[in-house]
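Listed below, chain by chain, are the residues.
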Amino acid sequence: RYAANLLGAPLSSLAGEGPRGSLAAAIGLALSGTRAAAFCSGPDLAGAQDLLRLAAGRRLPLVVQLGCRGLAGHAPTLGSGHEALHLSADYGGLILTAANVQEAVDFSVIARRVAEQALLPALVAQDGAETALALQEVRLPGAGLVERFLGAPEDEISVPTPTQRLLFGDRRRRLPRWHDPDHPSLLGALQDGDAWARGAASGPAYLDAWIQDCLGQALRDFAKLTGRHHQLLSAHRMDDARLVLLAQGAAVETAEAAADALRKRHHLK
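Now for a look at the structure at hand. (Residues numbered from 1 in each chain as written. Predicted model: local features only at pLDDT ≥ 70, side-chain atom pairs only at ≥ 80, totals over all residues. Heavy atoms only, no water.)

Observations concerning the sheet that holds strand 2 (residues 63-68)
Taken in spatial order, the four strands line up as 1-2-4-3 in an open sheet, and their pairing is parallel. Looking along the sheet, the strands with just one partner apiece sit at the ends: strand 1 (37-41) and strand 3 (94-97). Within this sheet the neighbouring strands show an average axis-to-axis angle of 20 degrees, counted without direction. Of the pairings in the sheet, the one linking strand 2 to strand 4 (residues 122-127) comprises six bridges and is parallel in character. (Pairing = 2+ DSSP bridges. Helix = DSSP H or I, 4+ residues; strand = E, 2+ residues; numbered from the N terminus. Axes fitted to C-alpha atoms, helices over the stretch in contact; angles between N-to-C directions.)

Focus on helix 5 (residues 101-118)
Compared with the 26 Å implied by 1.5 Å per residue over 18 residues, the 25 Å span of helix 5 between its first and last C-alpha is a close match. Burial within helix 5 is extensive, with 17 of its 18 residues counted as buried. Between the side-chain oxygen of the N-cap and the backbone nitrogen of Q102 there are 3.2 Å, and the N-cap of helix 5 in question is N100. A positive backbone phi angle near 55 degrees is found at L119, which sits one or two residues after helix 5. (Expected span 1.5 Å × (residues − 1). Buried < 20%, exposed > 50% of the residue type's maximum accessible area, 1.4 Å probe, protein only. Polar contact = N/O pair within 3.5 Å; in protein donor to acceptor, adjacent residues only side chain to side chain.)

Some details on the layout of surface pockets
Quantified by volume, the largest pocket comes out at close to 1,400 Å³. In this structure, the largest pocket is lined by 39 residues; those nearest its centre are N5, L11, R35, A37 and R112. Elements supplying a minimum of two residues to the lining of the largest pocket: helix 1 (19-31), strand 1, strand 2 and helix 5. Of the voids in this model, the second largest pocket is the one considered here, and its volume is about 1,200 Å³. Going through the elements one at a time, helix 3 (49-57), helix 8 (162-168) and helix 9 (193-207) are the ones with two or more residues in the lining of the second largest pocket. With eight residues, the single largest contributor to the lining of the second largest pocket is helix 9. (1 Å grid on protein atoms, 1.4 Å probe; cavity = no way out; pocket = protein on both sides within 12 Å on 5 of 7 lines; lining within 4 Å. Points joined across faces, edges and corners; volume = space filled by probe spheres on them.)

If you want it as structure tokens, here you go:
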């Protein structure tokens, strides 16, 4: 247990027995209505895909911080790689990929807001050597920004969607207590094929349709508070481009520099 977080609440950490244990512990905290984050490397997350999908299926507002590291091939590696990120592409939650340290910090706050509104886990990915281990200047969010942008976990908020209103009524706790000894409910029961398929199909149709609007609003609100503008898909000098480079992670800044150099030296748009 440490001192307190920016909202004055006790700040603590749990060390699980291995990567799966750490993610399972974070899932348990999120089930109980606690604001939680898990920290994983690429190989860690590759071996915990079932837990990641479980968090999405149970609508847990959990943030997973992924340090992208290449998976073992002909030899283990400490370098960056996106294999685990691609494995997680359809896990059922939000993914934000940072190009630098500032984006990793900003996306962590934005992901938290969207996760708690949409009731879905959010994955914030950053390249290992180029971002997670890099020395860069960064502006950390202050207590005032966190309080205005996120609020406290126990705050009562207006329910944002009609489907959530069917579950909670007009208002709900910002972080629902899915596991509450005072109000017990059955979660994660074994289901036959038909029941499971209906549940899997209903999530995107009734609960996830507004996530893009939710993320867009969070990006606009964050820009008003910080002056830092992020987009759903960032673009660089695309107005008259004839050749398009599509990249994610730390390669984005290199691709932008390459595009500028190709325009200047070779007149290639």
